[in-house]
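Summary of structural features
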Amino acid sequence: MTETAVDEADASAPDEKTYLNQDEIQEELVRILRGITDKGFEELCARLLRHIGFENLKVTGQTGDHGIDGEGFLLINRFVRIKVMFQCKRYAGTVQVKEIRDFRGAIQGRSERGIFLTTGTFTKNARGEAARENATAIELVDIERLLELLIEEGLGIRETKALTIDREFFAPYQKVG
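Residues numbered from 1 in each chain as written. Predicted model: local features only at pLDDT ≥ 70, side-chain atom pairs only at ≥ 80, totals over all residues. Heavy atoms only, no water.

1. Brief notes about the overall build of the protein chain
Formally: Helix and strand definitions here come from DSSP, where helices need a minimum of 4 consecutive H or I residues and strands a minimum of 2 consecutive E residues; each element is numbered from the N-terminal end. Residue contacts are defined here by distance: any two heavy atoms, one from each residue, within 4.5 Å place the two residues in contact. For the area figures, the Shrake-Rupley method with a 1.4 Å probe applies, and any residue is considered shielded solely by the protein chains shown.
Within the protein chain, the regular secondary structure consists of 8 helices and 7 strands. Sequence separation of 24 or more characterises 58% of the internal contacts of the protein chain that already satisfy a separation of 6 or more. Surface exposure of the protein chain reaches about 12,200 Å², of which carbon and sulfur atoms provide 50%.

2. Quick word on the sheet that holds strand S1 (residues 54-59)
The criterion, for reference: Strands are treated as partners if at least two bridges between them are detected by DSSP. Only the stretch in contact is used when a helix axis is fitted, and all axes are lines through C-alpha atoms; the angle between N-to-C directions ranges over 0 to 180 degrees.
Pairing is mixed in the open sheet, where 5 strands are placed in the order S1-S2-S3-S5-S7. Among the strands making up the open sheet, the edge pair consists of S1 and strand S7 (137-141). Averaged over all adjacent pairs, the angle separating strand axes in this sheet is 20 degrees, with direction ignored. One ladder, built from 6 bridges, connects strand S3 (residues 81-89) with strand S5 (residues 113-118); its direction is parallel. Within the sheet, the bridge partner assigned to Cys 88 lies in S5 and is Leu 117. With respect to the sheet, helix H4 (residues 38-51) is in contact with S1, S3 and S5, its orientation differing from that of S1 by roughly 170 degrees. Against the sheet, helix H7 (residues 143-153) makes contact with S5 and S7, and its axis sits at roughly 75 degrees relative to S7, the strand it touches most.

3. What about the pattern of salt bridges?
To keep things clear, this is the line we draw: In what follows, salt bridge is the name for a side-chain nitrogen of Lys or Arg lying within 4 Å of a carboxyl oxygen of Asp or Glu.
Taken as a whole, this structure holds 13 salt bridges when the rule is applied. Residue Glu 148 is joined to Arg 145 by a salt bridge in which the shortest nitrogen-to-oxygen separation is 2.9 Å. Of this pair, Glu 148 and Arg 145 are both found in helix H7, 3 residues apart, which corresponds to roughly one turn of the helix. A single network of salt bridges, built from pairs that share partners, joins Arg 101, Arg 104, Glu 129 and Arg 132.

4. Some points on the environment of Arg 110
Convention followed: Contacts described as polar in this section are N or O atom pairs within 3.5 Å, which, within protein, must combine one atom able to donate a hydrogen with one able to accept it, while residues neighboring in sequence count only if both atoms come from side chains.
Along the chain, Arg 110 falls in the loop between helix H5 (97-107) and S5. Sequence-wise, Arg 110 and Val 84 are 26 residues apart; in three dimensions their C-alpha atoms are separated by 8.9 Å. Excluding its chain neighbours within four sequence positions, the residues that come into contact with Arg 110 are Ile 68, Lys 83 and Met 85. A distance of 3.1 Å separates a polar atom in the side chain of Arg 110 from the backbone oxygen of Ala 106.

5. What to know about the nonpolar core
What counts here: The nonpolar core is taken to be a set of buried Ala, Val, Leu, Ile, Met, Phe, Trp, Tyr and Cys residues, with the residues joined through side-chain atoms within 4.5 Å. The classification of residues rests on relative accessible area computed with a 1.4 Å probe and restricted to protein chains. Under 20% of the type maximum is buried, over 50% is exposed, and intermediate values are partly exposed.
Residues Leu 33, Phe 86, Ile 115, Leu 117, Leu 146 and Leu 150 are the most contacted members of the largest nonpolar core, which totals 23 residues. Mapped onto this core, the elements with two or more residues apiece are helix H3 (22-35), H4, S1, S3, S5 and H7.

This is the structure we're talking about:
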């Protein structure tokens, strides 16, 4: 195959995102995540955190939990572990600054860090509050980041290879009429 033929073949190759139907997959995944129960979302988030290296994770979420749905430890190195508490919210809209402040108030003095996971997004003020200096650090995981993590970690997502037939390629070799 000549270099020109290779370039033409590459030019006709479908865009990877279209080829993998990634947009459709992500839209369906959002529907699934927003459709599971609150308890189910808490358990899923705990499983994701466990999968990426948190230890001794337990889901504590229940009525009157003061905004803490779970806790665990993140091993920084062989000597240092930090306590992390997390909150999970299945929202279609945006998480406001008040929710971040309430969460921080619930973990202040009880945890070194917090993680707030949502199926929605965060307002600019909520992001600012989470990053506020001289306060317990809070990591924000919005729906976009949550999808990325689930896909990267292969949780609930299975990568498959698909074949498609390039009919135009075979057209010159087919019988006419």
